[in-house]
Amino acid sequence: VKNLFGRPVSHYLLSAGFAASACAFLVTAWGYPQDARAFPAAIAMALLAFTALDLIALTNTAVGSAVRRVLNPTIKADASAGPVSRQAAAGLSLLGLVAALVLLGIEVAVPLYLFVSLRFRARRSWASTLMITAGVSVALWLLFVAALRLDLYRGYLLTRFLPAG
Amino acid sequence: MLMNHQVEIYGLIWALTGACILGSCVGLLVARPLARLTVIDSQVLVPVVTTVALLGSWAVDRSIENVVITAVFGILGYLMIRFDYPRLALVVAMVLGAGAERNFHQTSMMGDGGLAIYLHRIPSLVLLMGIAAVLVSPAIRGILGRRRNSRAPHEVAR
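Let me begin by describing the structure that accompanies this report. Values in this document were obtained by computation on a predicted structure and should not be read as measured data.

### Some thoughts on the interface of chain A and chain B
With 47 residues of chain A at the contact, the number on the chain B side is 36 residues. Between chain A and chain B we count one salt bridge in total. Linking Asp41 of chain B and Arg124 of chain A is a salt bridge whose minimum nitrogen-to-oxygen distance equals 3.8 Å. Where chain A packs against chain B, one counts three residue pairs in polar contact (both at pLDDT 80 or more). Going through the elements one at a time, helix H1 (10-29), helix H2 (34-58), helix H3 (62-71), helix H4 (84-104), helix H5 (106-121) and helix H6 (126-147) of chain A are the ones with two or more residues in the side of chain A that touches chain B. It is H4 of chain A that contributes the most residues to the side of chain A that touches chain B, nine residues altogether.

### Comments concerning a nonpolar patch on the surface
A cluster of nonpolar residues, Phe50, Leu53 and Leu71 of chain A together with Leu119, Leu128, Ile131, Leu135, Val136, Ile140 and Leu144 of chain B, forms a patch on the protein surface that exposes about 880 Å² of accessible area. Ranked by residue count, the leading element in the nonpolar patch is helix H6 (residues 122-157) of chain B, at six residues. One can find Phe50 of chain A in helix H2.

### What to know about the nonpolar core
Ranked by internal contacts, the top residues of the largest apolar core, which has 22 residues, are Leu101, Ile106 and Val110 of chain A together with Leu54, Leu55, Trp58 and Val67 of chain B. Those elements that place two or more of their residues in this core are H4, H5 and H6 of chain A together with helix H2 (42-61) and helix H3 (64-82) of chain B. What Val110 of chain A contacts, discounting residues up to four positions off in sequence, is Leu101, Ser137 and Leu140 of chain A together with Thr51 and Leu55 of chain B.

### Thoughts on the environment of His5 of chain B
Residues and elements named next belong to chain B. On the secondary structure map, His5 appears in the segment before helix H1 (6-35). Judged by relative accessible area, which is 35%, His5 ranks as partly exposed. Measuring from C-alpha to C-alpha, the distance between His5 and Ala98 comes to 34 Å, with 93 residues separating the pair along the chain.

### Overview of the state of the cysteines
All names here are of chain B. Under the counting rule described, the total for this entry stands at zero disulfides over all chains. Here Cys20 is not cross-linked by a disulfide; its sulfur's nearest cysteine counterpart is in Cys25, at 11 Å. The class of Cys20 is exposed, set by a relative accessible area of 52%.

### Re the environment of Phe39 of chain A
Residues and elements named next belong to chain A. Relative to the helices and strands, Phe39 resides in helix H2. Of the residues examined, Phe39 reaches a relative accessible area of 16% and is grouped as buried. Taking the C-alpha atoms as reference points, Phe39 and Arg160, separated by 121 residues in sequence, lie 41 Å from one another.

### What to know about H3 of chain A
Residues and elements named next belong to chain A. For H3, the full list of buried residues reads Gly64, Val67 and Arg68. The arc that holds every buried residue of H3, seen down its axis, measures 100°, which confines them to one face. Exposed positions of H3 whose direction lies more than 90 degrees from the buried face are Ala62 and Val63. Where H3 is buried, its residues meet H2.

### Some remarks on the layout of surface pockets
Considered as a void within the structure, the second largest pocket measures approximately 1,200 Å³ in volume. If you go around the second largest pocket, you meet 36 residues; those closest to its centre are Arg86, Gln87, Ala90 and Gly91 of chain A together with Tyr78 of chain B. For the lining of the second largest pocket, the secondary structure elements donating two or more residues are H1, H4 and H5 of chain A together with H2 and H3 of chain B. Broken down by element, the residue count for the lining of the second largest pocket peaks at eleven residues, all from H4 of chain A. In the lining of the second largest pocket, the residues fall into 21 nonpolar, twelve polar and three charged.

The rules we used
Residues numbered from 1 in each chain as written. Chains lettered and ligands numbered in written order. Predicted model: local features only at pLDDT ≥ 70, side-chain atom pairs only at ≥ 80, totals over all residues. Heavy atoms only, no water. Contact = heavy atoms within 4.5 Å. Salt bridge = Lys/Arg side-chain N within 4 Å of Asp/Glu carboxyl O. Polar contact = N/O pair within 3.5 Å; in protein donor to acceptor, adjacent residues only side chain to side chain. Helix = DSSP H or I, 4+ residues; strand = E, 2+ residues; numbered from the N terminus. Patch = residues over 30% accessible without salt bridge, like charges linked within 9 Å, V, L, I, M, F, W, Y side chains within 5 Å. Areas by Shrake-Rupley, 256 points an atom, 1.4 Å probe, with all protein chains shown as cover. Core = buried A, V, L, I, M, F, W, Y, C linked by side-chain atoms within 4.5 Å. Buried < 20%, exposed > 50% of the residue type's maximum accessible area, 1.4 Å probe, protein only. Disulfide = S-S within 2.5 Å. Arc of directions from axis to C-beta. 1 Å grid on protein atoms, 1.4 Å probe; cavity = no way out; pocket = protein on both sides within 12 Å on 5 of 7 lines; lining within 4 Å. Points joined across faces, edges and corners; volume = space filled by probe spheres on them. Nonpolar A, V, L, I, M, F, W, Y, C, P; charged D, E, K, R; others polar.

Treat this as a map of the structure, not an account of what it does.
Below is the structure:
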């Protein structure tokens, strides 16, 4: 199903995600003491009400356009962006960097990410890729290790299988 | 502190003043070369800026969880731009949320756990009415705008 009530399903996902997170919070908070859950539960209820209105307003139906006209007259008819594959690639590359930082540590993940991004996504030459990767990595090392005296995070795998010292 | 260590306090104030002036001079000196950053290819600039941003979030308290949270909010922010949701409201909620919750609990304690106290005090009532007005104003503006638009063609015909 690509369209739902005259709109692509992807347009509902963010609002549905907010609603799902509010529901998940309400279910989790059910066992909390009443005082502790009072404020967050009120926020979650308000979020549920607003996301319900938003989901209705997103539909291309008579009710949806009426809600849109009354509550949010400035809403854009359709948000457009680049191809989905490019957006997904950008998101995945960010998640890949985070995974590499967590698993391999900063000293390995940063040069690796810069090299892969510049060589295979930006399609730079080998020489400029190596130069930029080395330059940025050294600059970051100078800033965080030499100037700020921080011990760079070594990553889960390196800490577990290759202990320092 | 202010009474017994005036030399240090005034030294601190002068140091901060000097730092502001020096910072302005350095900013003016490097503004032109820094403006050239805008001509760098975005496909080169984005990985570098992403890396620096994630390392900056790690360096706040040297916690790798901060990096994960930054990435999650980065993707959420992108999706909000992509589907035309206001980001400002989320940022304001993040900044003011903790204070709002603390004051909510304090007020509840003042009202013996009940919420009726919000309706019995004039400042609270005024604020509640303000919130209601903000929530209802788009609908009222929309109705007034449509009425004005429907009246305009008749006036032109006359």
